[in-house]
Amino acid sequence: MVICYNKGCGKEFAVDENNPEACVYHPGVPIFHDAYKGWSCCKKQTTDFTEFLNISGCTKSRHSDVKPQEVPKPPKADLPEMTSYRPPLPKEEELKPRPSFDSPLETITPTLSPSLKKEFEERKQQGEGIEQINEDGDEEIRIGTQCKNKGCKQEYLGPHVNEWECIHHPGVAIFHEGLKYWSCCKRKTTDFQAFLDQAGCESGSHVWKKKKDTDDPNKCVCRYDWHQTGGQVVVAIYCKNYDPHRTIVKANPIRLKASVFFPKENSSFNLDLELRGIIDVKASSVTMTPTKVEICMKKAEPMSWVKLDIPRVSESIDLAESTKKLTVEQPKVDVLDLSDL
């Protein structure tokens, strides 16, 4: 038994049984065009490759055990040599000398969006974030303020409440493998409301004000991002419920310094960067909206910035120490701060 090499046949046959009508095949060539597959001899087309292989032949003849000769591929056209393109670097005479990091900072006057002005006026009327100060210079506690201890739901009704016992959780909330519990008493439950209703396991005094960070009393964290165009670098600080009149953005040709103030927390987010390139402070602008502070800095040089800033040595050391401290002290559990619940 030998194999027939006619296109579309491929059957095995005995040489002594071969006859003029034994083979059904395609004398044409396969055609692939615009996702269609077919034969030039019978004009049958399909989009499925398996169906194309199963199209029955259109011509009868004798089986052939001779392999068809491969058609030589046409020679490739001589293509021009490809060269990689890189944007032109600025000429040496176009590069400006890099100023000092400690050059005088200029305040960039911000533009407030109408929606931010309206929101800020509403917050002022509601008195949000404005603390009352008594004659001794201490912040007065508002009636209705809830105790800051975890698990305590007592509200401030007057000075006499300070004599009442505070039943609270000194530990932290832990969520692990579907279970919810406090690290101090470890009464585990799967129901979130039951977890919130758990009575405290320790007694003490009520706390009406959040304790400030002793290392940095004005510490506040915001997310920021940046992007660039041909002539600008844009930094966006994402923040809400901030005071636009106490938020300051300053800059010199290679430094950006911003302070976003949050009256409710009585704290600020501070950003101080040594910029990768040089900017034109006079042509830069700041736009404030209810959700972000956008700083548009005009490039002083026609070049692309690889990164936004050059890390400062002191910042790198502080970051390394903070990372090391977190790695050592943090337990490997899911912890959630529920102090505001």
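Details of the structure are given in the entry above.
Conventions and cut-offs
- Residues numbered from 1 in each chain as written.
- Predicted model: local features only at pLDDT ≥ 70, side-chain atom pairs only at ≥ 80, totals over all residues.
- Heavy atoms only, no water.
- Helix = DSSP H or I, 4+ residues; strand = E, 2+ residues; numbered from the N terminus.
- Buried < 20%, exposed > 50% of the residue type's maximum accessible area, 1.4 Å probe, protein only.
- Contact = heavy atoms within 4.5 Å.
- Areas by Shrake-Rupley, 256 points an atom, 1.4 Å probe, with all protein chains shown as cover.
- Pairing = 2+ DSSP bridges.
- Salt bridge = Lys/Arg side-chain N within 4 Å of Asp/Glu carboxyl O.

The secondary structure content of the protein chain amounts to 4 helices and 21 strands. Looking at the protein chain as a whole, 30% of its 341 residues qualify as buried. The contacts of the protein chain with a sequence gap of at least 6 include a subset with a gap of at least 24, amounting to 55%. Accessible surface computed for the protein chain: about 23,800 Å², of which carbon and sulfur atoms make up 52%.

This part takes up the environment of Cys222. Within the secondary structure, Cys222 sits in the loop between β13 (202-204) and β14 (223-228). According to the relative accessible area criterion, Cys222 is buried, its value standing at 13%. Beyond its immediate chain neighbours, meaning those up to four positions away, Cys222 contacts Ile237, Tyr238, Cys239, Phe262 and Phe269.

So, on to the sheet that holds strand β6 (residues 45-46). As summarised here, the arrangement of the 3 strands in space is β4-β5-β6, forming an open sheet in which the pairing is antiparallel. Whereas interior strands pair on both sides, the edge strands pair on one side only; in this sheet they are β4 (30-33) and β6. Strand direction decides the pairing type here: strand β5 (residues 36-39) and β6, joined by 2 bridges, are antiparallel. Residue pairing for β6: Gly38 is matched across the bridge by Gln45.

So, on to the pattern of salt bridges. For the coordinates displayed, the defined rule picks out 6 salt bridges. Between Glu274 and Arg98 there is a salt bridge, and its shortest N-O distance comes to 3.5 Å. Residue Glu274 is located in strand β18 (residues 267-274), and its partner Arg98 is located in the loop between β7 (59-61) and β8 (106-107); the two are separated by 176 residues in the primary sequence. By relative accessible area, Glu274 is classed as buried at 12%. In this structure, Lys153 and Asp197 form a salt bridge, with 3.3 Å as the shortest nitrogen-oxygen distance. Of this pair, Lys153 sits in the loop between α2 (114-126) and β10 (166-168) while Asp197 sits in the loop between α3 (192-196) and β13, and the two are 44 residues apart along the sequence. On the basis of relative accessible area, Lys153 is assigned to the exposed category, the value being 55%.

All quantities given are derived from atomic positions and should not be read as evidence of function.
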